[in-house]
Amino acid sequence: MNGDLAFIPLGGTGEIGLNLNVYRCDGDLLAVDCGLGFGGPEHPEVEVMVPDPAWLAERRDRLQGLVITHAHEDHVGAVAHLWRQLRCEIWCTPFVAAVLRRKLGEAGLGPQVKVNVVPPGGRFEAGSFDLEFLRVSHSVPEAQALAIRTRYGNILHTGDWKLDPQPLIGPPTDEAAFARFGAEGVLAMVCDSTNALVEGHSGSEAEVRRNLTALIKGIKRGRIAVTCFATNLARVESVAAAARAAGRDVALFGRSLRNAEAAARECGYLRDTPPFLSEEEAEDVPDDKLVVICTGSQGEPRSAMSKIAADTHPHISMGEGDTVIFSSRMIPGNERAILRVQDELSRAGVDVMTADDHMVHVSGHPARDELKRLYQLVKPKYCVPVHGEWRHMNEHANLAESLGAIAHVIEDGDVLRLAPGPVETVESVPVGRLAIDGDRLLPLDGDVLAARKKMLMNGVVVASFAVDGSGRVLGQPQISAPGLFDGFGEEPAQIAADLARAVTEMPSATRREDGLLREAARSAVRKAVGRRLRKRPSVEVHLLRV
């Protein structure tokens, strides 16, 4: 549809993560952010998910490009996985570019992707869109809001932001730039809703640094490990400064931290922070002289912290007298994994400290006082809450309405026409999620993952048996059911006997035709297991006709 201005979220409303937003102006399309998320307890069969870009990929001849607002995984992590479908140029700041080039290089895409590096606060054009970065503070360097100017009106896409007077790395949010943009007239603001339920202010990184310094200095014995988000360079720098003040050396544990450090130093950050020790070098440091900064703040199973908690890390172990500080928040959906890691550490005698009992973390997202301030600066006519769960977006909408904006809460796939005419949802486009499975992208609702989830919940049974030409069973069928029965005990033997008896009782026509016999055997095994366990497992039958 030509001749309009519309906002189309393909991921990022109703949940945190999977951000993929599209703006349409007179047929031209602009994508903003392209992130990944984690399966969590809702999808135990999946580790990492990305938004399905099929609708956008079908229109990539109209796609003017992709703008990345900042370097967090839920905004940039899917680019390397989805770029082959989109094949567009990318605009981002130097730090995002440094992080992204490493991801593209690992995916074998480095030379193919045109990455346009824009300085923080820079202005550029893409098709019908006149674009400008506006500096914001967040828990990563060079986070930017995006001012979008079109012939229909102006839009502010905030990305992730907060108002931190002392962000430590990078300048504070450029409130003057927001005020200038607001003075031009802002038709709509598409805004972060993560902390819309939180009263007051989100807090400052400077306060965290003071508290970490005092906390680490007060720990006199044992090793200290601090886990935080890899790209939160202010936090990494704070831990390193606190360690030096306490007379301790600092090591980095985890690939994503190493990559973030390399990107940071490439862009001129961490200048006052000496090089970190490697994992191997940390082994030779006395316990009371070591601080480890490690990945795994969300309980990720292959992270450094998870390996430390399970005592499977090749270079470090922690126990009685040691301390672990979780300098992060729990992302919704990760609670069980995080608590499991914390419990394993406590069981080993480690003293576990979290943001619940110590001031070791502040959010990178705006609380209600900060939201109110932004509305005062920008004065948008319309508000579109995004980036949060439904309760966050609804509360954000209520707040926006109280401040004079007209709020529209929409779902992924809704096409919200912003101009001309009344602002309303005019259609829906197909959306979905894909699971990263090795080098493959699998539909979350497809057959492969449905079977995997069924096997995870109900188990899998493999039945093997041989028959002669007439379908008479030869020998004893073999039943394997890992996760359902212990080894080859009594139950598998009984199911094998049930299968042999069922085959013997089948009509001769069924026993002579392999396809019919295999399907009938599958049904017999499923019923036999169901009688004993009240489960309906996935059943595979191996038939050998002699």
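Values in this document were obtained by computation on a predicted structure and should not be read as measured data. (Residues numbered from 1 in each chain as written. Predicted model: local features only at pLDDT ≥ 70, side-chain atom pairs only at ≥ 80, totals over all residues. Heavy atoms only, no water.)

Draft legend 1. Structural detail: the sheet that holds strand E15 (residues 224–227). Read from one edge to the other, the open sheet built from five strands follows the order E16-E17-E15-E18-E19, with strand pairing classed as parallel. Across the chains shown, the open sheet's two edge strands, defined by having one partner strand only, are strand E16 (249–253) and strand E19 (351–353). The sheet shows a mean angle of 20° between the axes of neighbouring strands, taken without regard to direction. Pairing of E15 with strand E18 (residues 323–326), which is carried by four bridges, proceeds in the parallel orientation. Across the sheet, Thr227 pairs through a bridge with Phe326, a residue of E18. (Pairing = 2+ DSSP bridges. Helix = DSSP H or I, 4+ residues; strand = E, 2+ residues; numbered from the N terminus. Axes fitted to C-alpha atoms, helices over the stretch in contact; angles between N-to-C directions.)

Draft legend 2. Representation of helix H7 (residues 233–245). Taking 1.5 Å of rise per residue, the 13 residues of H7 would be expected to cover 18 Å, and the 18 Å separating its terminal C-alpha atoms lies within 8% of that figure. Most of H7 is tucked away, with ten of its 13 residues classed as buried. Here H7 has its buried residues at Leu233, Ala234, Arg235, Val236, Glu237, Ser238, Val239, Ala240, Ala242 and Ala243. Looking at the buried side of H7, the elements it contacts are helix H4 (94–106), helix H6 (205–217), E15, E16, helix H8 (255–266) and strand E17 (290–294). At the exit of H7 stands Gly247, carrying a positive phi of roughly 75°. (Expected span 1.5 Å × (residues − 1). Buried < 20%, exposed > 50% of the residue type's maximum accessible area, 1.4 Å probe, protein only. Contact = heavy atoms within 4.5 Å.)

Draft legend 3. Focus on the pattern of salt bridges. Enumeration over the complete set of coordinates arrives at 29 salt bridges. For Glu519, the salt bridge goes to Arg522, with nearest N and O atoms at 2.6 Å. Taken together, the residues Glu519 and Arg522, both in helix H17 (residues 514–533) and three residues apart, mark about one turn of the helix. One connected set of salt bridges, linked through shared partners, spans Asp498, Arg501, Arg531 and Arg532. (Salt bridge = Lys/Arg side-chain N within 4 Å of Asp/Glu carboxyl O.)

Draft legend 4. The arrangement of the nonpolar core in detail. Counting 74 residues, the largest nonpolar core has Leu56, Val79, Phe95, Leu156 and Phe178 as its most contacted members. Per-element tally for this core: the top contributor is H4, with seven residues. Ignoring any residue separated from it by four or fewer positions in sequence, one finds Val79 in contact with Cys34, Leu66, Ile68, Ile90, Leu100 and Leu104. With 29 residues, the next largest nonpolar core counts Ala126, Ile148, Val190 and Val384 among its residues. (Core = buried A, V, L, I, M, F, W, Y, C linked by side-chain atoms within 4.5 Å.)

Draft legend 5. Expanded view of the pairing of strand E7 (residues 63–67). By the criterion of burial, E7 is predominantly enclosed, with four of the five residues buried. In the sheet, strand E4 (residues 28–32) pairs with E7 via three bridges, with the strands oriented parallel. Bridging across to E7, Ala31 finds its partner in Leu66. Pairing analysis gives two bridges linking E7 to strand E8 (residues 90–92), with the strands arranged parallel. For Leu66, the partnering residue across the bridge sits in E8 and is Ile90.

Draft legend 6. Up close: empty space enclosed by the protein. The final tally for this structure, using the stated rule, is two cavities of 30 Å³ or more. Considering only enclosed or pocket space, the largest cavity measures out at about 80 Å³ in volume. If you trace the largest cavity, you find 14 residues lining it, with Asn19, His157, Gly159, Val386 and His387 closest to the centre. Top element by residues in the lining of the largest cavity is strand E14 (residues 188–192). It accounts for three residues. Across the lining of the largest cavity, the residue classes tally to three nonpolar, eight polar and three charged. (1 Å grid on protein atoms, 1.4 Å probe; cavity = no way out; pocket = protein on both sides within 12 Å on 5 of 7 lines; lining within 4 Å. Points joined across faces, edges and corners; volume = space filled by probe spheres on them. Nonpolar A, V, L, I, M, F, W, Y, C, P; charged D, E, K, R; others polar.)

Draft legend 7. Layout of a nonpolar patch on the surface. Nonpolar side chains collect at one region of the surface, where Leu474, Leu544 and Val546 lie side by side and expose about 280 Å² of accessible area between them. With respect to the helices and strands, the residue Val546 is situated in the segment after strand E29 (538–545). (Patch = residues over 30% accessible without salt bridge, like charges linked within 9 Å, V, L, I, M, F, W, Y side chains within 5 Å. Areas by Shrake-Rupley, 256 points an atom, 1.4 Å probe, with all protein chains shown as cover.)

Draft legend 8. Fine view of the sheet that holds strand E20 (residues 382–386). Strand order in the open sheet made by the seven strands is E10-E11-E12-E13-E14-E20-E22, with mixed pairing throughout. Strands with a single pairing partner mark the edges of an open sheet, and in this sheet they are strand E10 (123–126) and strand E22 (406–407). In this sheet, E22 lies alongside E20 in parallel orientation, the contact comprising two bridges. Residue pairing across strands places Tyr382 opposite Ile406, the latter belonging to E22.

Draft legend 9. Just the packing of H4 against H8, in detail. Look at H4 against H8: their axes get within 8 Å of each other, and the N-to-C directions meet at 130°. Relative to H8, H4 is oriented oblique. Classified by chirality, the crossing of H8 by H4 is right-handed. Residue-level contacts link Phe95, Ala98, Val99, Arg101, Arg102 and Glu106 of H4 to Arg255, Asn259, Ala260, Ala262, Ala263, Ala264 and Glu266 of H8. (Parallel < 35°, antiparallel > 145°, perpendicular 65-115°, else oblique. Left-handed = near helix turned anticlockwise from the far one by under 90°.)

Draft legend 10. Structural view of the packing of helix H12 (residues 368–378) against helix H13 (residues 390–402). For the pair H12 and H13, interaxial distance at closest approach is 11 Å and the crossing angle is 45°. Relative to H13, the element H12 lies oblique. The hand of the H12/H13 crossing is right-handed. Here Arg368, Leu371, Lys372 and Tyr375 of H12 come into contact with H13, specifically with Glu395, His396, Leu399 and Ala400. Of the residues belonging to the contact of H12 with H13, the class tally is four nonpolar, one polar and three charged.

Draft legend 11. Region of interest: the packing of aromatic side chains. Summed over all chains, the structure comprises four aromatic pairs. An angle of 90° between the planes, with centres 6.2 Å apart, marks the rings of Phe95 and Tyr269 as edge-to-face. Of this pair, Phe95 sits in helix H4 while Tyr269 sits in the loop between H8 and helix H9 (279–282), placing them 174 residues apart in sequence. Both residues of the pair, Phe95 and Tyr269, count as buried. (Phe/Tyr/Trp six-rings, centres within 6.5 Å; stacked < 30°, edge-to-face > 60°.)

Draft legend 12. Highlighting H17. For H17, which comprises 20 residues, the first-to-last C-alpha distance of 28 Å matches the rise-based estimate of 28 Å (1.5 Å per residue) to within 8%. Among the residues making up H17, those that are buried are Leu517, Ala521, Arg522, Ala524, Val525, Arg526, Ala528 and Val529. In this structure, the buried residues of H17 make contact with strand E27 (460–467), helix H15 (490–504), helix H16 (508–512) and E29. With a side-chain oxygen positioned 3.2 Å from the backbone nitrogen of Gly515, the residue opening H17 is Glu513. In the stretch just after H17, Arg534 is the one whose phi turns positive, near 55°. (Polar contact = N/O pair within 3.5 Å; in protein donor to acceptor, adjacent residues only side chain to side chain.)

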